[in-house]
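Structure at a glance
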Amino acid sequence: MKDDPEKIEQEKKRWEEKTLKPALDRFKLKESPTRFYSPSDLGEGFDFLDQVGFPGQYPFTAGTYPTFPYLTGERGSGGIAQAKGLVRAGRYSGYGAPEDTRDYYLHMKKLGSRTGPNIAFDLPTQCGYDSDSPVASGEVGRVGVAVDTLRDMEVIFEAFAGENDIDRTASNFTINAPANIIMAMYMALAEKRGIPWDKLRATPQNDILKEFVARGTYIFPPRPSMRMFRDSLVFFTKHLPNVNITSCGGYHIREAGATREQDLAFSMAIGAAYLQEGINAGLSVDSFAPRFSFNAFGGSMEFFKEVAFHRAARRMWAKLLKEKFGAKNERSMTLRVPLTVFPGNFNCTVQRPLNNLTRSVVGGIAAALAGGPPGCYPPFDEPLGLGWSLEAIQLSEDAARILQHEARLVDVVDPLAGSYYVESLTTEIENAAWTEFEKIEKMGGAVPAIESGYLQREVAKSAYERQKRLEEGKELIVGVNCYLGESELEVTTNRLVPHPYDPQRRDEAERNQIANLKEVKAKRDSKEVPRLLKELRAAAQKEEVNLIPHFLECAKAYVTLQEMCDVLREVFGEYRPVTI
(Lines give C-alpha, C1' and ligand atoms only; values in the text may rest on other atoms or scores of the structure.)
Protein backbone atom coordinates (compact mmCIF):
# COMPACT_ATOMS: atom_id res chain seq x y z
CA MET A 1 0.00 0.00 0.00
CA LYS A 2 1.47 3.35 -1.05
CA ASP A 3 2.04 5.98 1.63
CA ASP A 4 -0.21 9.03 1.42
CA PRO A 5 2.03 12.10 2.18
CA GLU A 6 -0.93 14.33 2.99
CA LYS A 7 -2.39 11.79 5.39
CA ILE A 8 1.01 11.28 7.06
CA GLU A 9 1.41 15.05 7.58
CA GLN A 10 -2.05 15.30 9.10
CA GLU A 11 -1.33 12.42 11.43
CA LYS A 12 2.05 13.97 12.34
CA LYS A 13 0.35 17.22 13.43
CA ARG A 14 -2.20 15.28 15.48
CA TRP A 15 0.62 13.27 17.12
CA GLU A 16 2.56 16.46 17.94
CA GLU A 17 -0.51 17.99 19.61
CA LYS A 18 -2.07 15.00 21.34
CA THR A 19 0.96 12.82 22.21
CA LEU A 20 4.22 14.78 22.02
CA LYS A 21 3.10 18.06 23.61
CA PRO A 22 1.83 16.48 26.89
CA ALA A 23 5.15 14.65 27.23
CA LEU A 24 7.09 17.90 26.73
CA ASP A 25 4.89 19.67 29.27
CA ARG A 26 5.47 16.92 31.80
CA PHE A 27 9.26 17.38 31.57
CA LYS A 28 8.99 21.20 31.26
CA LEU A 29 10.62 21.19 27.82
CA LYS A 30 10.03 23.87 25.19
CA GLU A 31 11.04 21.55 22.37
CA SER A 32 11.78 17.86 21.96
CA PRO A 33 15.42 16.76 22.28
CA THR A 34 14.69 13.95 19.80
CA ARG A 35 13.22 13.75 16.32
CA PHE A 36 11.15 11.14 14.54
CA TYR A 37 11.38 10.60 10.77
CA SER A 38 8.64 9.41 8.47
CA PRO A 39 8.24 8.94 4.68
CA SER A 40 7.47 12.65 4.34
CA ASP A 41 11.07 13.45 5.33
CA LEU A 42 12.35 11.70 2.20
CA GLY A 43 10.80 14.41 0.05
CA GLU A 44 8.71 13.96 -3.05
CA GLY A 45 9.86 11.54 -5.70
CA PHE A 46 12.27 9.42 -3.66
CA ASP A 47 13.56 6.83 -6.13
CA PHE A 48 15.39 3.83 -4.69
CA LEU A 49 17.21 2.86 -7.88
CA ASP A 50 18.22 6.44 -8.65
CA GLN A 51 19.28 7.47 -5.13
CA VAL A 52 20.42 4.22 -3.53
CA GLY A 53 20.67 1.35 -6.00
CA PHE A 54 22.40 -1.95 -5.35
CA PRO A 55 25.88 -2.35 -3.81
CA GLY A 56 28.64 -2.13 -6.38
CA GLN A 57 26.48 -0.34 -8.92
CA TYR A 58 25.93 3.31 -9.74
CA PRO A 59 25.34 5.52 -7.76
CA PHE A 60 27.19 3.33 -5.19
CA THR A 61 25.26 4.78 -2.23
CA ALA A 62 24.78 1.29 -0.81
CA GLY A 63 28.44 0.34 -1.13
CA THR A 64 31.49 0.44 -3.35
CA TYR A 65 31.51 -3.33 -3.85
CA PRO A 66 28.67 -5.83 -4.41
CA THR A 67 29.73 -8.17 -1.61
CA PHE A 68 32.03 -8.16 1.41
CA PRO A 69 34.57 -11.03 1.49
CA TYR A 70 37.04 -9.04 3.56
CA LEU A 71 38.54 -9.88 6.93
CA THR A 72 38.97 -7.03 9.38
CA GLY A 73 41.33 -7.06 12.33
CA GLU A 74 43.94 -9.27 10.67
CA ARG A 75 47.33 -9.10 12.36
CA GLY A 76 49.25 -6.06 11.15
CA SER A 77 46.45 -4.79 8.92
CA GLY A 78 45.88 -1.59 10.85
CA GLY A 79 42.19 -1.52 9.97
CA ILE A 80 42.78 -2.06 6.25
CA ALA A 81 40.51 -4.98 5.38
CA GLN A 82 42.19 -7.99 3.76
CA ALA A 83 40.81 -10.68 1.45
CA LYS A 84 42.04 -13.63 -0.59
CA GLY A 85 43.30 -12.44 -3.95
CA LEU A 86 44.00 -8.93 -2.71
CA VAL A 87 47.48 -7.54 -2.14
CA ARG A 88 47.34 -4.77 0.43
CA ALA A 89 49.56 -2.72 2.69
CA GLY A 90 49.04 -2.74 6.43
CA ARG A 91 49.34 -0.49 9.46
CA TYR A 92 50.75 3.02 9.10
CA SER A 93 54.22 2.76 10.63
CA GLY A 94 57.84 3.83 10.56
CA TYR A 95 60.32 5.58 12.82
CA GLY A 96 63.97 6.34 13.35
CA ALA A 97 66.64 5.46 10.82
CA PRO A 98 65.88 3.01 7.97
CA GLU A 99 67.44 0.17 9.96
CA ASP A 100 64.99 0.81 12.79
CA THR A 101 61.96 0.66 10.52
CA ARG A 102 63.33 -2.44 8.76
CA ASP A 103 63.73 -4.20 12.09
CA TYR A 104 60.23 -3.08 13.15
CA TYR A 105 58.74 -4.74 10.06
CA LEU A 106 60.77 -7.91 10.66
CA HIS A 107 59.49 -7.98 14.24
CA MET A 108 55.89 -7.53 13.08
CA LYS A 109 56.36 -10.44 10.68
CA LYS A 110 57.43 -12.66 13.57
CA LEU A 111 54.19 -11.67 15.31
CA GLY A 112 52.14 -12.81 12.31
CA SER A 113 51.84 -9.77 10.04
CA ARG A 114 51.58 -10.65 6.35
CA THR A 115 50.87 -7.19 4.97
CA GLY A 116 53.08 -4.79 3.06
CA PRO A 117 54.62 -1.60 4.45
CA ASN A 118 52.59 1.55 4.96
CA ILE A 119 55.45 3.95 5.52
CA ALA A 120 55.34 7.03 7.71
CA PHE A 121 58.13 9.48 6.88
CA ASP A 122 59.70 11.96 9.26
CA LEU A 123 58.99 15.67 8.82
CA PRO A 124 62.34 16.55 7.19
CA THR A 125 61.70 13.93 4.49
CA GLN A 126 58.12 15.11 3.99
CA CYS A 127 59.34 18.70 3.57
CA GLY A 128 62.24 17.88 1.26
CA TYR A 129 65.20 18.14 3.66
CA ASP A 130 68.03 15.69 4.25
CA SER A 131 68.92 14.44 7.71
CA ASP A 132 72.14 16.47 7.78
CA SER A 133 70.35 19.76 7.08
CA PRO A 134 70.34 22.28 9.95
CA VAL A 135 66.60 22.62 9.37
CA ALA A 136 66.17 18.92 10.23
CA SER A 137 67.96 19.09 13.56
CA GLY A 138 65.94 17.43 16.32
CA GLU A 139 63.31 16.04 13.93
CA VAL A 140 65.13 13.20 12.19
CA GLY A 141 63.25 9.92 12.63
CA ARG A 142 60.77 11.40 15.10
CA VAL A 143 57.32 11.16 13.49
CA GLY A 144 58.39 8.64 10.87
CA VAL A 145 61.42 7.14 9.17
CA ALA A 146 64.16 9.27 7.60
CA VAL A 147 64.73 8.67 3.88
CA ASP A 148 67.49 10.66 2.19
CA THR A 149 68.60 8.44 -0.71
CA LEU A 150 67.89 5.19 -2.50
CA ARG A 151 70.17 3.52 0.04
CA ASP A 152 67.53 4.09 2.73
CA MET A 153 64.77 2.50 0.66
CA GLU A 154 67.06 -0.46 0.04
CA VAL A 155 67.52 -0.92 3.78
CA ILE A 156 63.81 -0.58 4.68
CA PHE A 157 62.78 -3.07 2.02
CA GLU A 158 65.26 -5.71 3.20
CA ALA A 159 62.25 -6.72 5.31
CA PHE A 160 60.31 -7.45 2.12
CA ALA A 161 61.99 -10.06 -0.03
CA GLY A 162 61.38 -13.58 -1.29
CA GLU A 163 57.70 -14.50 -1.01
CA ASN A 164 57.04 -10.96 0.27
CA ASP A 165 59.03 -9.17 -2.42
CA ILE A 166 57.71 -5.89 -3.75
CA ASP A 167 56.01 -7.55 -6.73
CA ARG A 168 54.04 -9.75 -4.32
CA THR A 169 53.00 -7.22 -1.71
CA ALA A 170 51.66 -3.67 -1.72
CA SER A 171 53.52 -0.63 -0.40
CA ASN A 172 51.99 2.62 0.78
CA PHE A 173 53.96 5.85 1.01
CA THR A 174 52.38 8.58 3.13
CA ILE A 175 54.11 11.52 1.53
CA ASN A 176 53.00 14.37 -0.71
CA ALA A 177 55.30 17.18 -1.85
CA PRO A 178 58.23 14.87 -2.73
CA ALA A 179 56.02 11.87 -3.58
CA ASN A 180 57.41 11.60 -7.12
CA ILE A 181 60.96 11.42 -5.78
CA ILE A 182 60.07 8.66 -3.31
CA MET A 183 58.30 6.75 -6.09
CA ALA A 184 61.39 7.17 -8.30
CA MET A 185 63.45 5.57 -5.53
CA TYR A 186 60.91 2.73 -5.35
CA MET A 187 61.12 2.18 -9.11
CA ALA A 188 64.91 2.22 -8.92
CA LEU A 189 64.73 -0.41 -6.15
CA ALA A 190 62.53 -2.55 -8.40
CA GLU A 191 65.06 -2.25 -11.23
CA LYS A 192 67.87 -3.36 -8.92
CA ARG A 193 65.81 -6.42 -7.96
CA GLY A 194 64.95 -7.20 -11.57
CA ILE A 195 61.24 -6.55 -11.03
CA PRO A 196 59.27 -4.98 -13.91
CA TRP A 197 57.43 -1.78 -13.03
CA ASP A 198 54.11 -3.20 -14.20
CA LYS A 199 54.32 -5.74 -11.36
CA LEU A 200 54.57 -3.10 -8.66
CA ARG A 201 51.58 -2.45 -6.38
CA ALA A 202 51.81 0.76 -4.43
CA THR A 203 49.93 3.82 -3.26
CA PRO A 204 51.65 7.16 -2.69
CA GLN A 205 49.41 9.57 -0.82
CA ASN A 206 50.29 12.25 -3.39
CA ASP A 207 47.55 14.61 -2.18
CA ILE A 208 49.39 17.92 -2.12
CA LEU A 209 46.39 20.28 -2.18
CA LYS A 210 45.15 19.21 1.24
CA GLU A 211 48.62 20.06 2.60
CA PHE A 212 47.95 23.72 1.85
CA VAL A 213 44.63 23.52 3.69
CA ALA A 214 45.57 21.38 6.67
CA ARG A 215 48.80 19.48 7.37
CA GLY A 216 51.35 21.99 6.05
CA THR A 217 54.02 19.68 4.59
CA TYR A 218 54.10 21.56 1.30
CA ILE A 219 57.26 22.75 -0.45
CA PHE A 220 56.36 24.46 -3.71
CA PRO A 221 53.45 26.81 -4.57
CA PRO A 222 50.14 25.20 -5.64
CA ARG A 223 50.59 25.44 -9.41
CA PRO A 224 54.07 23.88 -9.64
CA SER A 225 52.81 21.31 -7.15
CA MET A 226 50.00 20.47 -9.55
CA ARG A 227 52.55 20.04 -12.31
CA MET A 228 54.22 17.43 -10.12
CA PHE A 229 50.84 15.75 -9.69
CA ARG A 230 50.28 15.80 -13.45
CA ASP A 231 53.66 14.16 -13.97
CA SER A 232 52.80 11.27 -11.65
CA LEU A 233 49.32 10.86 -13.13
CA VAL A 234 50.65 10.64 -16.69
CA PHE A 235 53.72 8.51 -15.85
CA PHE A 236 51.91 6.03 -13.62
CA THR A 237 49.07 5.63 -16.11
CA LYS A 238 51.57 4.71 -18.82
CA HIS A 239 54.17 2.70 -16.91
CA LEU A 240 52.73 1.53 -13.55
CA PRO A 241 49.22 0.14 -14.18
CA ASN A 242 48.91 -1.37 -10.68
CA VAL A 243 50.01 1.72 -8.78
CA ASN A 244 47.41 4.12 -7.45
CA ILE A 245 47.94 7.73 -8.53
CA THR A 246 46.72 9.34 -5.33
CA SER A 247 45.18 8.53 -1.99
CA CYS A 248 43.34 11.76 -1.32
CA GLY A 249 40.54 12.68 1.07
CA GLY A 250 39.49 15.13 3.74
CA TYR A 251 40.72 13.32 6.86
CA HIS A 252 43.40 15.90 7.63
CA ILE A 253 41.09 18.77 6.69
CA ARG A 254 38.46 17.63 9.21
CA GLU A 255 41.16 17.05 11.82
CA ALA A 256 42.18 20.68 11.28
CA GLY A 257 38.65 21.82 12.14
CA ALA A 258 36.47 21.52 9.02
CA THR A 259 32.83 20.55 9.39
CA ARG A 260 31.47 17.32 7.98
CA GLU A 261 30.01 19.10 4.96
CA GLN A 262 33.24 21.04 4.34
CA ASP A 263 35.20 17.79 4.56
CA LEU A 264 33.08 16.30 1.77
CA ALA A 265 32.92 19.41 -0.41
CA PHE A 266 36.64 20.22 -0.15
CA SER A 267 37.57 16.58 -0.82
CA MET A 268 35.43 16.52 -3.94
CA ALA A 269 36.81 19.87 -5.15
CA ILE A 270 40.39 18.69 -4.66
CA GLY A 271 39.61 15.38 -6.36
CA ALA A 272 38.06 17.27 -9.29
CA ALA A 273 41.22 19.40 -9.60
CA TYR A 274 43.35 16.26 -9.80
CA LEU A 275 41.04 14.67 -12.37
CA GLN A 276 41.20 17.83 -14.46
CA GLU A 277 45.00 17.55 -14.62
CA GLY A 278 44.60 14.23 -16.40
CA ILE A 279 42.05 15.67 -18.81
CA ASN A 280 44.32 18.66 -19.51
CA ALA A 281 47.14 16.23 -20.27
CA GLY A 282 45.02 14.70 -23.03
CA LEU A 283 44.07 11.46 -21.28
CA SER A 284 40.65 9.84 -21.18
CA VAL A 285 39.18 9.98 -17.69
CA ASP A 286 38.51 6.24 -17.76
CA SER A 287 42.21 5.57 -18.38
CA PHE A 288 43.27 6.94 -14.99
CA ALA A 289 40.28 7.55 -12.66
CA PRO A 290 40.10 3.86 -11.57
CA ARG A 291 43.56 4.38 -10.02
CA PHE A 292 42.35 7.21 -7.78
CA SER A 293 41.85 6.12 -4.18
CA PHE A 294 40.88 7.89 -0.99
CA ASN A 295 42.95 7.65 2.16
CA ALA A 296 40.08 8.52 4.51
CA PHE A 297 37.61 11.22 5.33
CA GLY A 298 37.38 12.73 8.77
CA GLY A 299 35.28 11.29 11.54
CA SER A 300 33.27 12.10 14.61
CA MET A 301 31.20 10.38 17.27
CA GLU A 302 27.89 11.41 15.65
CA PHE A 303 26.96 7.88 14.63
CA PHE A 304 24.16 8.28 12.11
CA LYS A 305 25.59 11.43 10.54
CA GLU A 306 28.86 9.63 9.81
CA VAL A 307 26.99 6.68 8.28
CA ALA A 308 25.07 9.09 6.06
CA PHE A 309 28.26 10.99 5.24
CA HIS A 310 29.91 7.96 3.65
CA ARG A 311 26.80 7.03 1.70
CA ALA A 312 26.67 10.63 0.44
CA ALA A 313 30.38 10.62 -0.41
CA ARG A 314 30.10 7.52 -2.60
CA ARG A 315 27.10 8.95 -4.43
CA MET A 316 28.67 12.38 -4.87
CA TRP A 317 31.95 11.00 -6.29
CA ALA A 318 30.03 8.76 -8.69
CA LYS A 319 27.93 11.69 -9.92
CA LEU A 320 31.01 13.89 -10.27
CA LEU A 321 32.77 11.35 -12.47
CA LYS A 322 29.73 10.54 -14.57
CA GLU A 323 28.14 13.96 -14.97
CA LYS A 324 31.08 16.39 -14.85
CA PHE A 325 33.88 14.28 -16.33
CA GLY A 326 31.86 12.00 -18.61
CA ALA A 327 33.20 8.71 -17.28
CA LYS A 328 31.74 5.64 -18.97
CA ASN A 329 33.47 2.91 -16.94
CA GLU A 330 31.76 2.36 -13.58
CA ARG A 331 35.15 1.51 -12.03
CA SER A 332 36.03 5.17 -12.55
CA MET A 333 33.04 6.14 -10.42
CA THR A 334 33.88 4.00 -7.39
CA LEU A 335 35.14 5.74 -4.28
CA ARG A 336 37.78 3.33 -2.99
CA VAL A 337 38.63 4.00 0.65
CA PRO A 338 40.11 1.56 3.21
CA LEU A 339 38.34 3.17 6.17
CA THR A 340 34.76 4.33 6.27
CA VAL A 341 33.48 5.58 9.63
CA PHE A 342 35.86 6.07 12.54
CA PRO A 343 35.69 8.52 15.45
CA GLY A 344 38.44 10.78 14.19
CA ASN A 345 41.88 10.78 15.79
CA PHE A 346 41.36 14.32 17.08
CA ASN A 347 38.42 13.10 19.14
CA CYS A 348 40.64 10.71 21.09
CA THR A 349 41.48 12.00 24.54
CA VAL A 350 44.54 11.97 26.76
CA GLN A 351 42.13 11.96 29.70
CA ARG A 352 40.88 8.44 30.48
CA PRO A 353 42.47 7.05 27.30
CA LEU A 354 40.79 3.64 27.57
CA ASN A 355 37.56 5.42 26.65
CA ASN A 356 39.11 5.78 23.20
CA LEU A 357 38.57 2.04 22.71
CA THR A 358 34.85 2.57 23.26
CA ARG A 359 34.94 5.42 20.76
CA SER A 360 36.70 3.23 18.19
CA VAL A 361 34.20 0.40 18.68
CA VAL A 362 31.32 2.84 18.10
CA GLY A 363 33.13 3.89 14.93
CA GLY A 364 33.59 0.27 13.86
CA ILE A 365 29.86 -0.45 14.26
CA ALA A 366 29.01 2.66 12.24
CA ALA A 367 31.57 1.66 9.60
CA ALA A 368 29.85 -1.67 9.07
CA LEU A 369 26.45 -0.01 8.82
CA ALA A 370 27.89 2.47 6.32
CA GLY A 371 28.87 -0.30 3.92
CA GLY A 372 32.51 -0.71 4.94
CA PRO A 373 34.76 -2.88 7.09
CA PRO A 374 34.19 -2.62 10.87
CA GLY A 375 37.70 -1.43 11.63
CA CYS A 376 38.04 -0.20 15.22
CA TYR A 377 40.54 2.56 14.60
CA PRO A 378 42.57 4.16 16.08
CA PRO A 379 44.02 2.13 18.97
CA PHE A 380 43.20 3.65 22.35
CA ASP A 381 46.66 5.14 23.00
CA GLU A 382 46.57 7.29 19.86
CA PRO A 383 46.93 10.58 21.81
CA LEU A 384 49.61 9.31 24.18
CA GLY A 385 52.60 9.35 21.83
CA LEU A 386 53.97 8.35 18.45
CA GLY A 387 53.27 4.75 17.50
CA TRP A 388 50.79 2.45 19.21
CA SER A 389 51.53 -0.09 21.92
CA LEU A 390 51.01 -3.75 21.09
CA GLU A 391 48.43 -3.91 23.88
CA ALA A 392 46.34 -1.17 22.24
CA ILE A 393 46.76 -2.79 18.82
CA GLN A 394 45.60 -6.15 20.23
CA LEU A 395 42.43 -4.61 21.65
CA SER A 396 41.77 -2.74 18.41
CA GLU A 397 42.19 -5.86 16.27
CA ASP A 398 40.11 -8.01 18.63
CA ALA A 399 37.31 -5.44 18.64
CA ALA A 400 37.12 -5.58 14.85
CA ARG A 401 37.16 -9.38 14.90
CA ILE A 402 34.31 -9.45 17.42
CA LEU A 403 32.19 -7.10 15.32
CA GLN A 404 32.77 -9.24 12.25
CA HIS A 405 32.76 -12.82 13.56
CA GLU A 406 30.58 -12.61 16.68
CA ALA A 407 28.24 -9.69 16.01
CA ARG A 408 28.27 -10.57 12.27
CA LEU A 409 27.84 -6.96 11.27
CA VAL A 410 29.10 -7.55 7.74
CA ASP A 411 26.49 -10.17 6.86
CA VAL A 412 24.37 -7.41 5.28
CA VAL A 413 25.60 -4.54 3.11
CA ASP A 414 24.13 -1.10 3.90
CA PRO A 415 21.46 -2.38 6.34
CA LEU A 416 20.16 1.17 6.90
CA ALA A 417 19.20 1.62 3.25
CA GLY A 418 15.61 2.81 3.13
CA SER A 419 15.66 4.26 6.65
CA TYR A 420 13.64 7.47 6.56
CA TYR A 421 16.21 9.16 8.80
CA VAL A 422 19.39 7.89 7.14
CA GLU A 423 18.15 8.48 3.59
CA SER A 424 17.04 12.03 4.38
CA LEU A 425 20.29 12.71 6.22
CA THR A 426 22.34 11.32 3.32
CA THR A 427 20.60 13.67 0.92
CA GLU A 428 20.91 16.61 3.33
CA ILE A 429 24.69 16.15 3.68
CA GLU A 430 25.18 15.63 -0.04
CA ASN A 431 23.15 18.73 -0.94
CA ALA A 432 25.10 20.87 1.53
CA ALA A 433 28.38 19.58 0.08
CA TRP A 434 27.25 20.28 -3.50
CA THR A 435 26.38 23.85 -2.51
CA GLU A 436 29.88 24.41 -1.14
CA PHE A 437 31.46 22.54 -4.06
CA GLU A 438 29.72 24.79 -6.59
CA LYS A 439 30.91 27.86 -4.66
CA ILE A 440 34.50 26.62 -5.02
CA GLU A 441 33.98 25.83 -8.70
CA LYS A 442 32.84 29.42 -9.30
CA MET A 443 36.18 30.56 -7.87
CA GLY A 444 37.91 28.49 -10.55
CA GLY A 445 38.32 25.31 -8.52
CA ALA A 446 40.37 24.16 -5.57
CA VAL A 447 43.68 25.72 -6.64
CA PRO A 448 42.41 29.34 -6.84
CA ALA A 449 40.39 28.74 -3.66
CA ILE A 450 43.64 27.77 -1.91
CA GLU A 451 45.65 30.61 -3.44
CA SER A 452 43.09 33.13 -2.19
CA GLY A 453 43.11 31.53 1.26
CA TYR A 454 39.38 30.73 1.11
CA LEU A 455 39.63 27.05 2.09
CA GLN A 456 42.11 27.81 4.86
CA ARG A 457 39.90 30.57 6.30
CA GLU A 458 36.80 28.40 6.27
CA VAL A 459 38.58 25.60 8.12
CA ALA A 460 39.99 28.06 10.68
CA LYS A 461 36.53 29.53 11.31
CA SER A 462 35.01 26.10 11.81
CA ALA A 463 37.82 25.09 14.17
CA TYR A 464 37.20 28.22 16.23
CA GLU A 465 33.47 27.55 16.42
CA ARG A 466 34.01 23.98 17.58
CA GLN A 467 36.48 24.99 20.26
CA LYS A 468 34.04 27.63 21.43
CA ARG A 469 31.26 25.02 21.73
CA LEU A 470 33.56 22.79 23.77
CA GLU A 471 34.57 25.58 26.12
CA GLU A 472 30.95 26.65 26.60
CA GLY A 473 29.85 23.08 27.27
CA LYS A 474 27.53 23.00 24.25
CA GLU A 475 29.48 20.03 22.89
CA LEU A 476 30.43 17.37 25.44
CA ILE A 477 33.42 15.03 25.60
CA VAL A 478 33.35 12.59 28.50
CA GLY A 479 36.30 13.05 30.82
CA VAL A 480 37.31 16.35 29.20
CA ASN A 481 34.56 18.88 29.85
CA CYS A 482 32.00 16.76 31.70
CA TYR A 483 31.88 13.93 34.27
CA LEU A 484 34.95 15.23 36.07
CA GLY A 485 33.98 14.51 39.67
CA GLU A 486 36.38 13.17 42.27
CA SER A 487 34.65 9.79 42.23
CA GLU A 488 35.44 9.23 38.53
CA LEU A 489 38.23 6.67 37.98
CA GLU A 490 41.24 6.90 35.65
CA VAL A 491 41.33 3.28 34.42
CA THR A 492 44.65 2.05 33.00
CA THR A 493 46.14 -1.14 31.54
CA ASN A 494 49.39 -2.92 32.25
CA ARG A 495 52.24 -2.92 29.73
CA LEU A 496 52.81 -6.58 28.88
CA VAL A 497 55.46 -6.27 26.17
CA PRO A 498 57.90 -3.53 25.10
CA HIS A 499 56.67 -0.80 22.78
CA PRO A 500 57.46 -1.75 19.14
CA TYR A 501 59.21 1.60 18.64
CA ASP A 502 62.43 1.39 20.66
CA PRO A 503 62.87 4.79 22.38
CA GLN A 504 66.65 4.41 22.55
CA ARG A 505 66.90 3.68 18.83
CA ARG A 506 64.71 6.71 18.12
CA ASP A 507 67.01 8.90 20.21
CA GLU A 508 70.05 7.60 18.33
CA ALA A 509 68.41 7.81 14.88
CA GLU A 510 69.59 11.30 13.94
CA ARG A 511 73.23 10.61 14.67
CA ASN A 512 73.10 7.23 12.89
CA GLN A 513 71.30 8.58 9.84
CA ILE A 514 73.69 11.51 9.40
CA ALA A 515 76.55 8.98 9.45
CA ASN A 516 74.72 6.85 6.85
CA LEU A 517 74.24 9.85 4.60
CA LYS A 518 77.89 10.92 4.95
CA GLU A 519 78.97 7.44 3.85
CA VAL A 520 76.64 7.47 0.82
CA LYS A 521 77.98 10.85 -0.32
CA ALA A 522 81.55 9.64 0.03
CA LYS A 523 80.97 6.52 -2.08
CA ARG A 524 78.76 7.85 -4.91
CA ASP A 525 80.06 9.28 -8.22
CA SER A 526 80.78 12.89 -7.30
CA LYS A 527 80.95 13.96 -10.96
CA GLU A 528 77.64 12.36 -11.91
CA VAL A 529 75.60 14.11 -9.22
CA PRO A 530 76.06 17.72 -10.46
CA ARG A 531 75.51 16.62 -14.05
CA LEU A 532 72.17 15.01 -13.21
CA LEU A 533 71.08 17.98 -11.10
CA LYS A 534 71.89 20.34 -13.97
CA GLU A 535 69.71 18.21 -16.29
CA LEU A 536 66.93 18.24 -13.69
CA ARG A 537 67.09 22.02 -13.44
CA ALA A 538 66.84 22.42 -17.22
CA ALA A 539 63.89 20.02 -17.39
CA ALA A 540 62.09 21.74 -14.51
CA GLN A 541 62.23 25.02 -16.40
CA LYS A 542 60.14 23.46 -19.20
CA GLU A 543 56.50 23.11 -18.12
CA GLU A 544 55.74 20.35 -20.61
CA VAL A 545 58.55 18.02 -19.46
CA ASN A 546 57.73 15.11 -17.15
CA LEU A 547 60.30 15.13 -14.35
CA ILE A 548 59.92 11.55 -13.13
CA PRO A 549 62.53 10.10 -15.56
CA HIS A 550 64.98 12.67 -14.21
CA PHE A 551 64.13 11.79 -10.60
CA LEU A 552 64.72 8.14 -11.49
CA GLU A 553 68.18 8.78 -12.90
CA CYS A 554 69.04 10.92 -9.87
CA ALA A 555 67.80 8.23 -7.49
CA LYS A 556 69.93 5.54 -9.15
CA ALA A 557 72.99 7.79 -8.71
CA TYR A 558 72.15 8.28 -5.00
CA VAL A 559 71.38 11.95 -5.39
CA THR A 560 69.68 12.99 -2.16
CA LEU A 561 66.10 14.03 -1.68
CA GLN A 562 67.08 17.55 -0.65
CA GLU A 563 69.50 17.97 -3.54
CA MET A 564 66.62 17.32 -5.93
CA CYS A 565 64.17 19.43 -3.96
CA ASP A 566 66.61 22.34 -3.73
CA VAL A 567 66.87 22.43 -7.52
CA LEU A 568 63.08 22.56 -7.71
CA ARG A 569 62.98 25.25 -5.03
CA GLU A 570 65.22 27.38 -7.24
CA VAL A 571 62.94 26.90 -10.25
CA PHE A 572 59.48 26.72 -8.66
CA GLY A 573 59.99 28.85 -5.58
CA GLU A 574 58.71 27.96 -2.12
CA TYR A 575 55.16 28.38 -0.90
CA ARG A 576 54.44 31.06 1.64
CA PRO A 577 51.07 30.68 3.40
CA VAL A 578 48.50 33.39 2.86
CA THR A 579 47.62 35.42 5.93
CA ILE A 580 44.34 34.25 7.47
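Structure: see above.
Residues numbered from 1 in each chain as written. Predicted model: local features only at pLDDT ≥ 70, side-chain atom pairs only at ≥ 80, totals over all residues. Heavy atoms only, no water.

Focus: helix H8 (residues 222-239)
With 18 residues, H8 should cover 26 Å at 1.5 Å per step; its first-to-last C-alpha distance of 25 Å lies within 8% of that length. Across the 18 residues that make up H8, a large majority, 13, are buried. (Helix = DSSP H or I, 4+ residues; strand = E, 2+ residues; numbered from the N terminus. Expected span 1.5 Å × (residues − 1). Buried < 20%, exposed > 50% of the residue type's maximum accessible area, 1.4 Å probe, protein only.)

As for the sheet that holds strand S3 (residues 170-174)
Judged by pairing direction, the sheet is parallel, and its 4 strands sit side by side in the order S1-S2-S3-S4 without closing on themselves. Edge strands, defined here as strands with exactly one partner in the open sheet, are strand S1 (89-93) and strand S4 (201-204). With strand direction ignored, the average angle separating the axes of adjacent strands in the sheet is 15°. Pairing geometry for strand S2 (residues 116-120) and S3, over 3 bridges, is parallel. In the sheet register, Ala 120 faces S3, and the bridge partner there is Thr 174. (Pairing = 2+ DSSP bridges. Axes fitted to C-alpha atoms, helices over the stretch in contact; angles between N-to-C directions.)

What to know about the pattern of salt bridges
One pass over the structure, following the stated rule, counts 47 salt bridges. The salt bridge partner of Arg 215 is Glu 211, with a shortest N-O separation of 3.1 Å. Here Arg 215 and its partner Glu 211 are both found in helix H7 (residues 208-215), 4 residues apart, which amounts to about one turn of the helix. (Salt bridge = Lys/Arg side-chain N within 4 Å of Asp/Glu carboxyl O.)

Observations regarding H7
The buried fraction of H7 is high, at 6 of 8 residues. Burial in H7 covers these residues: Ile 208, Leu 209, Lys 210, Glu 211, Phe 212 and Val 213. Buried residues along H7 sit against H8, helix H9 (251-255), helix H10 (260-280), helix H16 (446-451) and helix H17 (454-471). Just past H7, the residue Gly 216 takes up positive phi, approximately 95°. (Contact = heavy atoms within 4.5 Å.)

As for unusual backbone geometry
Residue Tyr 58 is joined to Pro 59 through a cis peptide bond whose omega torsion reads 10°. In this structure, Pro 378 follows Tyr 377 across a cis peptide bond, with omega equal to 0°. With respect to the helices and strands, Pro 378 occurs in the loop between helix H13 (355-369) and helix H14 (390-406). Positive phi values are uncommon outside glycine, yet Asn 206 reaches one of about 50°. Position of Asn 206 among the secondary structure elements: in the loop between S4 and H7. In this structure Asn 206 comes out as buried when scored by relative accessible area, which is 5%. For Tyr 483, which is not glycine, the phi torsion reads 55° and is therefore positive. Turning to its location among the elements, Tyr 483 is positioned in the loop between H17 and helix H18 (503-523). Residue Tyr 483 is classed as exposed on the basis of its relative accessible area of 55%.

Bear in mind that shape data such as this cannot, by itself, settle questions of function.
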